[in-house]
Amino acid sequence: MNTIKSDQCEMEVVMSDLIMPKGTAVWLIENTALTFEQIARFCNLHILEVQALADDQISTGMIGVDPISMGQLTQDEIDRCTQNPNAHLVKSADKFPELKKRVSKKKYIPLLKRQERPDAIAWLIKFYPDMSDTVIASLISATKNTVASIREKAQSRMGEFNPRDPVLLGFCSQIELDTAIDAYKKAKNEK
C-alpha cells in the first residue's frame, strides 16, 4: 500500500497484484454470491465499477477470469466470505514458481564489429592452436566453417587479419574466455 499526501487530503493507493482485476470481478459476479463491496475490495476496484460490470454497462463481451484456477483464491475462501458479508477475501499465496529469464546464447554483434571477428579467431588460433573449432565458434559467435577456413589459411583476406584479443574486441567476456581456456588446458593435459 502506498500513501499519497497532499495539502488537501491524504489518499491511500492500493496496487492490485491480480493478473486481470476486471476479468476476475466479472467471474466473481457471475459465479459467486459475494457482495459487490467484497468483490470491489478484493479486485481493487470502486464499488460503482463492480456495479457497472454486474449491469453489463462496461463489460460487454468481457470474459471472466477464474481466480481459483489462477491460484489467486480458494473455494474455501469464497465460501467463508459468502457466509459472512462483512468478511474480506484474502488472496492465496502464489503457487506458481517465479518465471526464469530466457538467456540468449548468441548476442547481437553490430555489423561494423563483425569485420573484426576474423581477428579474434586468428588470436585464439595463434595462442591456443589445439582449441577445437566448435569452442572457438561458440565463443566468438561464428560458424565452424569460418574458423576452419581461418585455421587452414583459406580466407581470401588472410593477409589483412591482425590477431587481437576477443575480450577487447567485445566478442566474449573475460570469464567466458577463461572458462574456454581452462577447458582447453584440461583437455590438452588429458591427452
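Residues numbered from 1 in each chain as written. Predicted model: local features only at pLDDT ≥ 70, side-chain atom pairs only at ≥ 80, totals over all residues. Heavy atoms only, no water.

(A) Fine view of the packing of helix 1 (residues 21-31) against helix 3 (residues 47-54). Their axes nearest at 10 Å, the elements helix 1 and helix 3 cross at an angle of 60°. Classed by the angle they form, the pair helix 1 and helix 3 counts as oblique. Along this stretch, helix 1 crosses helix 3, giving a crossing that reads as right-handed. Contacts from K22, A25, V26 and I29 in helix 1 reach E49, V50, L53 and A54 in helix 3. Classifying every residue of the contact of helix 1 with helix 3 gives 6 nonpolar, no polar and 2 charged. (Axes fitted to C-alpha atoms, helices over the stretch in contact; angles between N-to-C directions. Helix = DSSP H or I, 4+ residues; strand = E, 2+ residues; numbered from the N terminus. Parallel < 35°, antiparallel > 145°, perpendicular 65-115°, else oblique. Left-handed = near helix turned anticlockwise from the far one by under 90°. Contact = heavy atoms within 4.5 Å. Nonpolar A, V, L, I, M, F, W, Y, C, P; charged D, E, K, R; others polar.)

(B) Looking closely at the packing of aromatic side chains. In this structure the tally under the stated criterion is 3 aromatic pairs. Taking the centre distance of 5.0 Å and the plane angle of 50° together, the rings of W123 and F127 count as tilted. Taken together, the positions of W123 and F127, both in helix 6 (residues 117-127) and 4 residues apart, correspond to about one turn of that helix. The class of F127 is partly exposed, set by a relative accessible area of 44%. For the pair Y128 and Y184, a centre-to-centre distance of 5.3 Å together with 80° between the ring planes defines the contact as edge-to-face. Of this pair, Y128 sits in the loop between helix 6 and helix 7 (133-140) while Y184 sits in helix 10 (residues 174-190), placing them 56 residues apart in sequence. Each member of the pair Y128 and Y184 is classed as buried. Clustering of aromatic rings is evident, with ring pairs tying together W123, F127, Y128 and Y184. (Phe/Tyr/Trp six-rings, centres within 6.5 Å; stacked < 30°, edge-to-face > 60°. Buried < 20%, exposed > 50% of the residue type's maximum accessible area, 1.4 Å probe, protein only.)

(C) View of the side chain of S149. Following the sequence through the fold, S149 ends up in helix 8 (residues 144-151). Those residues within four positions of S149 in sequence are excluded, and the remaining contacts are A154 and Q155.

(D) Local environment of the environment of I29. Following the sequence through the fold, I29 ends up in helix 1. Once the C-alpha coordinates of I29 and L53 are considered, the two residues, 24 residues apart in sequence, prove to be 8.2 Å apart. Residues contacting I29, with those up to four places away along its chain left out, are I39, V50, L53 and A54.

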